[in-house]
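Take a look at the letters that make up each chain.
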Amino acid sequence: MDRIQEPSSLSSLSQNVQKLSIDTDDLPPRYIVKGGSVGPVESFPLAQIPIVDLNLLLSVSLTCSGKEQEDELEKLKSALGEWGCFQAIGHGIPTSFLKKVRVMAKEFFALPTEEKQKYARDPADIEGYGTDPILSDEQVLDWSKRLFLNLLPLDSRKLKLWPETPEEFREVLDLFFKEVKSVIDLLQKAMAKSLDLEENCFSKKYGDQAFMATRFNHYPPCSRPDLVLGAKAHSDGSGITVLLQDEEVEGLQVLKDDQWFRVPIVPDAFVVNVGDQMQIMSNGIFKSPLHRVTANSQSERISVAVFYLPDTRTEIEPDEGLISEERPQMYRKLENYAAINFECFQSGKIALDTVRL
Ligand SMILES: O=C(O)CCC(=O)C(=O)O
Ligand SMILES: [Fe+2]
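Residues numbered from 1 in each chain as written. Chains lettered and ligands numbered in written order. Predicted model: local features only at pLDDT ≥ 70, side-chain atom pairs only at ≥ 80, totals over all residues. Heavy atoms only, no water.

Student: Is there a simple way to think about the pairing of strand E2 (residues 85–89) in this case?
Tutor: Successive side chains on a regular strand alternate, one facing one side of the sheet and the next facing the other. The buried count for E2 comes to four of five residues, which makes it a mostly enclosed element. Both strand E1 (residues 51–53) and E2 contribute to a ladder of three bridges, which runs parallel. Within the sheet, the bridge partner assigned to Asp53 lies in E2 and is Ile89. Sheet analysis places E2 next to strand E10 (residues 270–274), joined by four bridges and oriented antiparallel. Directly across from Ala88, in E10, lies its bridge partner Phe270. (Buried < 20%, exposed > 50% of the residue type's maximum accessible area, 1.4 Å probe, protein only. Helix = DSSP H or I, 4+ residues; strand = E, 2+ residues; numbered from the N terminus. Pairing = 2+ DSSP bridges.)

So this is what it looks like as structure tokens:
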């Protein structure tokens, strides 16, 4: 990912923030959300996000008829157009392995701070353990710590930031990466098929050096969950995001029709969401949803997000098969959306709006 130019005075601030205890009763003002209370978490309705069975998406077999496949592709298409996300089941990754990933993440975040600091994010970089980069004095901080690691291209991996404790971390992460990559490959094809496009039309747009990264999120309990957010409202700048939610503690919310909805926990499902770059490539048919994470007064929460992005040197644009008189081209051709997104974040603009025609 791109280097981040964090002003030097702010880099010391981010170091200080890493040292703050963020589970005390006196809430540091930097974490309090603007515009008042988030509201009681239970007051938000549950999202009826479609559950899509990946087994049914591509292969017609003895157990899956052509009609079932068509219906599942239609469900995928409408989920991505209406919600911008869905719950993916039937991915074939064993429950025991997903448990291992979650336990390993929990064990890492439970390590003493000095141990975790061995993998600390360099102030000028996004990778590593700590807070998100702090870019201005006005930035409201998220009630979370995260470990961000590059996965692809292979030579972008900084192994010195890959934890050595728990002992199996590196090996399990590498296996998890391979599993999630296969899920993403399948999803790219299914998304294209659901729009009557050639199966590889999206995957081709990612170029030879597609970028993949993971973000382990840890949200400690907070005594005032009504005043903070675990992750403030954002859309992902990725092409596609695959998220392994905590298996017990809810927190993710998604915005639809100006209303926040709680994303339910579906055992073993991945929450898959469209990122901004897929919204562009699909000419706005698939929506990159705004989402956020609320805090919890009782329990910590863990999630593991995997982001898949086009090569920064590859130009992306809406697929020509999705441009018509009724649906004119909505976004311009561009490259390195990550850089555009980052600049917009700094100046308070919405990146997708700046590339709209
Ligand atoms: O923790 C979650 O459920 C969502 C995390 C997220 O949105 C992200 O890492 O981009
Ligand atoms: Fe996100």
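Student: Help me understand the coordination of the iron ion (ligand 2), please; the structure alone is not making it clear to me.
Tutor: Geometry sets the ideal angles at a metal, namely 109.5 degrees for four tetrahedral donors and 90 or 180 degrees for six octahedral donors. Coordination sphere of the iron ion (ligand 2), protein contribution only: His234 (NE2), Asp236 (OD) and His291 (NE2), at 2.1 to 2.3 Å. Along the chain, the residues that donate to the iron ion (ligand 2) are spaced as H-x1-D-x54-H. Of this pair, His234 sits in strand E6 (residues 229–234) while His291 sits in strand E11 (residues 291–294); the two residues are 57 residues apart in sequence, bridging distant segments of the chain. Look at His291 and you get buried, because its relative accessible area is 8%. (Donors = N, O, S within 2.8 Å, 3.2 Å for Na, K, Ca; no water.)

Student: What is the right way to read the environment of Leu186 from this model?
Tutor: Positionally, Leu186 belongs in helix H5 (residues 169–194). Look at Leu186 and you get partly exposed, because its relative accessible area is 25%. Distance in space between the C-alpha atoms of Leu186 and Ser203 is 9.8 Å, their sequence separation being 17 residues. Not counting chain neighbours up to four residues away, the residues in contact with Leu186 comprise Leu54, Leu57 and Leu58. (Contact = heavy atoms within 4.5 Å.)

Student: Mind showing me how you'd approach the site of ligand 1 here?
Tutor: By nearness alone, 13 residues border ligand 1, and Tyr219, His234, His291, Arg301 and Ser303 come closest of all. In the model, an oxygen atom of ligand 1 is placed 3.2 Å from a nitrogen or oxygen of the Asn217 side chain. In this structure, an oxygen atom belonging to ligand 1 sits 3.4 Å away from a side-chain N or O atom of Asp236. In the complex, 96% of the free accessible area of ligand 1, which totals 290 Å², lies under the protein chains. When residues of the shell around ligand 1 are traced back to their parent elements, those giving at least two are strand E5 (211–219), E11 and strand E12 (301–309). Element by element, the count of residues in the shell around ligand 1 is highest for E12, at four residues. (Near = heavy atom within 4 Å. Polar contact = N/O pair within 3.5 Å; in protein donor to acceptor, adjacent residues only side chain to side chain. Areas by Shrake-Rupley, 256 points an atom, 1.4 Å probe, with all protein chains shown as cover.)

Student: What is the right way to read the environment of Phe176 from this model?
Tutor: Topologically, Phe176 is positioned in helix H5. Residues Phe176 and Lys100, spaced 76 residues apart in sequence, show a C-alpha to C-alpha distance of 9.8 Å. Ignoring sequence-local partners within four residues, the contact set of Phe176 consists of Phe97, Leu98, Val101, Leu244, Phe270, Val304 and Val306.

Student: Just to check I follow, could you spell out the nonpolar core for this structure?
Tutor: Most often, soluble globular proteins keep nonpolar side chains buried together rather than apart. Core analysis: the largest hydrophobic core is formed by 90 residues, its most contacted members being Phe86, Leu173, Phe176, Phe202, Met212, Phe216 and Phe270. Per-element tally for this core: the top contributor is H5, with twelve residues. In this structure, Leu173 is in contact with Met104, Leu149, Leu151, Trp162, Thr214 and Phe216, ignoring residues within four places of it in sequence. (Core = buried A, V, L, I, M, F, W, Y, C linked by side-chain atoms within 4.5 Å.)

Student: Explain the packing of aromatic side chains to me, please; I cannot follow it from the model alone.
Tutor: Geometry of an aromatic ring pair is reported as the spacing of the ring centres plus the angle between the planes. Taken as a whole and assessed by the stated rule, the structure comprises twelve aromatic pairs. Relative to Trp143, the ring of Tyr31 has its centre 5.2 Å away and its plane inclined at 75 degrees; by these criteria the two rings are edge-to-face. Highlighted residues: Tyr31 in the loop between helix H1 (8–19) and E1 and Trp143 in the loop between strand E3 (128–130) and strand E4 (145–152), separated in sequence by 112 residues. Accessibility classification places Tyr31 together with Trp143 in one group, the buried group. With a centroid separation of 5.8 Å and an interplanar angle of 80 degrees, the aromatic rings of Phe108 and Tyr129 are classed as edge-to-face. (Phe/Tyr/Trp six-rings, centres within 6.5 Å; stacked < 30°, edge-to-face > 60°.)

Student: Looking at this structure, how should I read the packing of helix H2 (residues 66–82) against H5?
Tutor: Two elements in contact, H2 and H5, have axes whose closest approach is 9 Å; the angle formed by their N-to-C orientations is 90 degrees. Considered as vectors, H2 and H5 are oriented roughly perpendicular to each other. Residues Gln69, Leu73, Leu76, Lys77 and Leu80 of H2 pack against Ala190, Met191, Lys193 and Ser194 of H5. For the contact of H2 with H5, the class distribution of residues is five nonpolar, two polar and two charged. (Axes fitted to C-alpha atoms, helices over the stretch in contact; angles between N-to-C directions. Parallel < 35°, antiparallel > 145°, perpendicular 65-115°, else oblique. Nonpolar A, V, L, I, M, F, W, Y, C, P; charged D, E, K, R; others polar.)

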